[in-house]
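Coordinate analysis (summary)
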Amino acid sequence: MKVAKIVIAVLSIYLVGAPLEPQENLDAKQIVDRSFQSTKLAGSEMLSTMTIIDDRGRERVRKIATVSKLYDSGKTEKRLIRFLSPADVKGTGLLTFDYESEDDDMWLFMPALRKTRRIVSTEKAKNFMGSEFTYADMTPPILDDFTYEILGEEEIAGTSCWRIAMIPVDDEVADENGFSRRIAFIAKGDFVIRRAVYYDLYGELLKELTVEEIKEIDPKNHRYRPMRMVMVNKQNDRKSVLNVDELQFNPDVNDEFFTTRYLERY
Amino acid sequence: MNKAAQKIVRFRWPIIIGFVAAALFFGSRIPRSEIESDMKAMLPSDMESRINTDRIDELFGGTDMLMVILKSGDVLEPETLERTREISRQMKRIKGVDKVLSLFELKNIKAEEGAMIVEPAVRRIPENEEQKELLRKDIAENDIVYGSVISKDFTLTAVIALLKTEVSDIEIVKEVQDLVSKIRGSEEVFVGGLPFTRVQVTKSIQGDFRRLLPLGILIMLVFLFFCFKQLRGVFLPFIVVVMSILFAMGLIPLLGWKIHVITVLVPIMLIAIANDYGIHLIAKYQEYNFEGNLFTKEELAGKIFSSLSKPVILTGLTTTAGMLCLLGHIIIPSRQISILASCGILFALAASLLFIPAVVSMLPKAKPVILARNDKKPFLEKTLVFFGKIVTSRAKAIIVFAVVSSLAVSAGIFFVVVDTDPNHYYPDEHPVAYSGRLVNDNLGGAQNISVVFQGDIKDPRIMTKIDVLEHELQAMPEVGNTTSIARVVRQMSRALNDPAEEWYDKIPDDRNAVAQYFELYSMSGDPDDFEKMVDFPYEHALLTARLNTASTKKMDHVIDRVGQRTDGDPDVALIGGFGSILSELAHKVVDGQLLSLGLAIVVIGILLMILFRSFVAGLISAIPLAISITTLFGLMGIFRIELNVATAMLSSIMIGVGVDYTIHYLWRFREERQNGLNPQDAAKKTLTTTGRGIVFNALSVIVGFIVLFTSSFIPVRFFGFLVVVSISSCLMGALILIPALCLVLKPKFLEPKSL
């Protein structure tokens, strides 16, 4: 049965690193799924800058370092974020276990208190680090929580995209995610979102996401990351910019990083 | 008939057309006027508390609260909570709502199994008794909501909309009311808050205009007919009144002003005052047009002008002078009323002297009303004769009685209370007053005093300062609910530290720790949760103390305390808030009152001194005024009538109007003395002739102001009441006290000049 084993092994490799299917055959839900997969990295180290800008143009700038790694064959992503500046929050760390189908686990370490606190938050609509990005924006959703529809095709900055609506199946999901409808512009080539428009629970325009400078980080698996994401809140005129300053693909990130013990080692 | 009178007859057409055209022109401007219901607009823009409050609005966004209050036996019942949640949710959708504060929007920061949890104060609607009691316990420990959006006895809960600064009151109140009527339930629901009060005020102003004006006019027509029993006696003074109202009100948009709560007094004052001069002219007309007279209609017109022009001009001037003294008031609408009413009175004065004779000279002669011989003396005349008797026989006793009784009443002055609370514009059972009371007694208070700290807000030194002041204010009985960023930091410190730990329930003494608290919060709370407490760059922090009272004395107590604690502190940038505006307003009302009162007495005294070319004349005529004023304030104290924006204007108006009777009396008395009568006979004669005119004059003022009793505004009703009381007292002063004083003091200026 050696042959069979080899066939299975080959097949599984083939399936994990599945090359693109013919795009014409994908339905809306599959496109969205592929879109979320397209930015998942087996492991990474990253330096980035989050700039939060209020309606009068005043800025709050945070520099952060992030390491991340996929576990459970991609079902769980563990992430450690460490604040580098400003000085008063330097060393503050956030450890997140992002599960596919249950509430995330989060711990925050505050060096001034020498203390780690678990953060309990069930709402994905919560803003991340006080920015306009929500946890829902940062992590893949539960696919079955939404219905999907291809609305058409459109070019965004020279890239041909599908225009796809994503609608929560019920009010509870809508409440949890903080929107009643999201229209995403997903590139036909690399499946990376180029633009997304969010409508609030009352159907009014809420936020607009622009994604720029997409780079292929893991060419083997066709995984990409945008170097710059801008989220503009159209209702309160606040704006947040997440800029990736450095990004290293590294599937072999030390597992020890993703422990509260390491979180407190600062 | 003098030359001026001849000219009036000759140019009667241009005069009539000119006055009518002017009135029509100004009247046509009236529809363009706007109503101003914002209490802040009453205040001059250089008033400190107003500037500060505007600046606070700029830093932290609008702080105007429009609230929906639900009342039931237990607001934690699922139906009530569901209704509250729905109202809270839909309120967020309304355009112009900046932020909603409710059990479902405000947060609960707590520790649970080593985790800090930030979640809505009510996360899930309880499904059974046990969950309900757990929720009750949770809420009672959450000082962000307990006693502010839910009453401590759990019978009231509020959904509060903080409004954007540019929003229209009328639209937003209507939307909220529609929303409430759409989301039905068994709870009693009330709408409250300053925007609601302002809308009610605007509606009441419009209602008052629609009701008081026609009513005032009707009463005046009846009164005029009762006096003159002749159509021209009714319509000529009436047309003058209407023209002067059109003129004065038309000035409002022309001067770029708006109609305020108390501007409603202008047409009412004009109805009462502007016909006084016309009344005198008609009375004189009827006097000359006796049975069997041979005057032509032109001669009659000329005679009434030439015989009355001088006293009418003088009384018009004193009234105008009294009105103009309201300029001493800081409150903008008082100053505007002063100018509008003065212009209206001057217009009425001119119209009475020119327009009435011009019209009279054209109308066919009227049927004589005053018959040759009186068969039966009317009641009024009998009364005046009686006055003449007691004045001449008991002059000294009258003076003593007047002084003693006014001294007795004056004790009430010590009880006069100043009050500027807009909720008190209305009677207790009115929705504005009722919801205001609910909020003051159970939901943290409706007025607020705000302190802005500046600097590095995360610095424990400043944070502790905010915390200390907040605690001190919180302990004051006048303070209901307080909010500040320091309170949030404390709450976080309780969630993050165990009771045994050093930093439990404290502002940490490490700046980084404060910063990290906020960072932690930003991981689980909303970024705009703090926007009414600290600005984006953490450079300004707002401490808000809501007051459960609008009593000036109590507000002052809090403001004084804040002042003492923050005096000279460079970390404190501003002290403002609607409470501090009301308090400053109250002080300005008193100052304005004293200033305008003082001015009125001095100016009118001087006018009288000039008129009678005597210093003593000014002093003597000031005596009945002084007595009226002491009686007025005494009665205000005794009947607990508050001194407010409306009643504060009373005294100088009263002086301007009330002195007329004294002038008329003294003028005629001197004339009779010069005609050779002895003082006693002169007093009697004056009382029975001019006295009659004085009574009519005063009655017309009283009748005119009586309609104010039906105003929607309590201060305006009291204003009406006080006018009636004080004009009556001026009338009695002129008919009894002045004659008595003249007989006892025998002032030189009234004595016949020896040739």
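Residues numbered from 1 in each chain as written. Chains lettered and ligands numbered in written order. Predicted model: local features only at pLDDT ≥ 70, side-chain atom pairs only at ≥ 80, totals over all residues.

Secondary structure assignment for chain A yields 5 helices and 13 strands. When burial is assessed residue by residue, chain A has 35% of its 266 residues classed as buried. Relative to all contacts within chain A whose residues are 6 or more apart in sequence, the contacts with residues 24 or more apart total 46%. (Helix = DSSP H or I, 4+ residues; strand = E, 2+ residues; numbered from the N terminus. Buried ≥ 20, exposed ≤ 12 C-beta atoms within 10 Å, placed from the backbone. Contact = placed C-beta atoms within 7 Å.)

Residue and element names in this part refer to chain B. One open sheet accounts for 4 strands, arranged E8-E9-E7-E10; its pairing is antiparallel. Two strands bound the open sheet, and with one partner strand each, they are strand E8 (479-483) and strand E10 (572-576). Looking at each pair of strands side by side, their axes are set apart by 15 degrees on average, direction ignored. Both strand E7 (residues 447-454) and E10 contribute to a ladder of 4 bridges, which runs antiparallel. Paired with phenylalanine 453 across the strands is valine 572, a residue of E10. Strands in contact with helix H19 (residues 552-566) are E7, E8, strand E9 (540-547) and E10; relative to E7, the strand with the most contacts, it is inclined by about 10 degrees. (Pairing = 2+ DSSP bridges. Axes fitted to C-alpha atoms, helices over the stretch in contact; angles between N-to-C directions.)

Moving on, we come to the environment of alanine 158 of chain B. As for its position among the elements, alanine 158 of chain B is in strand E5 (residues 156-163). When the C-alpha atoms of alanine 158 of chain B and leucine 70 of chain B are compared, they prove to be 6.3 Å apart, with 88 residues separating the residues in sequence.

This part covers the domain arrangement of chain B. Where the parts come together, the accessible area they lose is often given as the size of the interface. All names here are of chain B. Domain boundaries in chain B define domain 1 (1-32 + 229-371), domain 2 (64-198), domain 3 (376-421 + 586-755) and domain 4 (431-550). The set of elements that each furnish at least two residues to the side of domain 1 that touches domain 3 consists of helix H9 (265-273), helix H10 (276-288), helix H11 (297-324) and helix H12 (332-360). It is H11 that contributes the most residues to the side of domain 1 that touches domain 3, 9 residues altogether. Residues that form the side of domain 1 that touches domain 3 fall into these classes: 20 nonpolar, 9 polar and 1 charged. (Domains from an automatic or database assignment. Nonpolar A, V, L, I, M, F, W, Y, C, P; charged D, E, K, R; others polar.)

All names here are of chain A. In this chain, serine 85 is followed by proline 86 through a cis amide linkage whose omega measures 0 degrees. In this structure, proline 86 sits in the loop between strand E3 (76-85) and strand E4 (93-98). You will see that phenylalanine 191, though not glycine, has its phi angle at about 65 degrees, which is positive. Tracing the backbone shows phenylalanine 191 in the loop between strand E9 (181-187) and strand E10 (193-199). Residue classification places phenylalanine 191 among the buried residues on the basis of 23 C-beta atoms within 10 Å.

With that out of the way, let us pick up the pairing of E5 of chain B. All names here are of chain B. With respect to burial, E5 is a largely interior element, 8 of its 8 residues being buried. Of the two faces of E5, the one holding Leu156, Ala158, Ile160 and Leu162 and the one holding Thr157, Val159, Ala161 and Leu163 are both buried throughout. In terms of strand pairing, strand E1 (residues 65-71) meets E5 through 7 bridges, oriented antiparallel. Across the sheet, leucine 66 pairs through a bridge with alanine 161, a residue of E5.

Looking now at the interface of chain B and chain A. On the side of chain A, 21 residues touch chain B, which itself brings 22 residues to the contact. Elements represented by at least two residues in the side of chain B that touches chain A include exactly strand E4 (115-120) and helix H18 (511-524) of chain B. At 10 residues, H18 of chain B tops the list of elements feeding residues into the side of chain B that touches chain A. Split into classes, the residues belonging to the side of chain B that touches chain A amount to 11 nonpolar, 5 polar and 6 charged.

Residues and elements named next belong to chain B. Axis separation between H11 and helix H20 (residues 578-612) bottoms out at 9 Å; the angle between their running directions is 160 degrees. Overall, the two elements H11 and H20 adopt an arrangement that is roughly antiparallel. Crossing angle aside, the handedness with which H11 passes H20 is right-handed. Mapping the contact onto sequence places Leu314, Leu317, Thr318, Ala321 and Gly322 in H11 and Ala600, Val603, Ile604, Leu607 and Leu611 in H20. Split by residue class, the contact of H11 with H20 holds 8 nonpolar, 2 polar and no charged. (Parallel < 35°, antiparallel > 145°, perpendicular 65-115°, else oblique. Left-handed = near helix turned anticlockwise from the far one by under 90°.)

Looking at chain B as a whole, the pLDDT averages 87, with 98% of positions reaching at least 70. At the low end of the mean pLDDT range in chain B sits E4 of chain B, at 79; at the high end sits helix H16 (residues 460-474) of chain B, at 95. (pLDDT = per-residue confidence, 0-100.)

This part covers the packing of helix H21 (residues 615-638) of chain B against helix H22 (residues 650-674) of chain B. Residue and element names in this part refer to chain B. The interhelical angle for the contact between H21 and H22, taken along N-to-C directions, is 135 degrees, at an axis separation of 10 Å. By the angle between their axes, H21 is oblique relative to H22. Where H21 crosses over H22, the handedness of that crossing is right-handed. Contact with H21, carried on its side by Ala617, Ser621, Pro624, Leu625, Ser628, Ile629 and Leu632, involves Leu650, Ser651, Met654, Ile655, Gly658, Val659, Thr662 and Leu666 of H22 and no other residues of that element. Class assignment for the residues of the contact of H21 with H22 results in 10 nonpolar, 5 polar and no charged.

All names here are of chain B. Locating threonine 710 in the fold gives a position in the loop between helix H24 (690-706) and helix H25 (714-745). Among the residues examined, threonine 710 registers 14 C-beta atoms within 10 Å and is labelled partly exposed. Leave out the neighbours within four places in its chain, and threonine 710 touches Arg211, Leu212 and Leu215.

What follows covers the sheet that holds strand E6 (residues 188-192) of chain B. Residues and elements named next belong to chain B. Within the open sheet, the 4 strands sit side by side as E2-E5-E1-E6. Their pairing is antiparallel. The open sheet has two edge strands with one neighbour each: strand E2 (97-101) and E6. Adjacent strand axes in the sheet meet at a mean angle of 15 degrees when their direction is disregarded. This element, helix H7 (residues 194-228), spans E1, E5 and E6 of the sheet and lies at about 100 degrees to E1. Sheet strands touched by helix H15 (residues 431-442): E1, E5 and E6. Its angle to E6, the strand with the most contacts, is close to 95 degrees.

Residues and elements named next belong to chain B. Counting 298 residues, the largest nonpolar core has Ile160, Ala248, Ile268, Leu270, Ala348, Phe453 and Ile485 as its most contacted members. Of all the elements, H25 adds the most residues to this core, at 18 residues. Ignoring sequence-local partners within four residues, the contact set of isoleucine 485 consists of Ile457, Ile466, Phe530, Met533, Val534 and Ala541. (Core = buried A, V, L, I, M, F, W, Y, C linked by C-beta atoms within 7 Å.)

Let's shift gears to the pairing of strand E8 (residues 159-168) of chain A. Regular strands place side chains that alternate from one sheet face to the opposite one. Residues and elements named next belong to chain A. Bridge analysis of strand E7 (residues 146-156) against E8 gives 10 bridges, and the strand direction is antiparallel. The residue of E8 that forms the bridge with glutamate 154 is cysteine 161. One ladder, built from 6 bridges, connects E8 with E9; its direction is antiparallel. Paired with cysteine 161 across the bridge in E9 is alanine 187.

A separate point is H21 of chain B. Residues and elements named next belong to chain B. In this model H21 runs 35 Å from its N-terminal to its C-terminal C-alpha over 24 residues, within 8% of the 34 Å that 1.5 Å per residue would give. Largest kink in H21: about 30 degrees, centred on isoleucine 623, with the proline proline 624 one to four residues after it. Positive backbone phi, at 55 degrees, marks arginine 640, one or two positions downstream of H21. (Expected span 1.5 Å × (residues − 1). Bend = angle between axes of the 7 residues up to and from the residue.)

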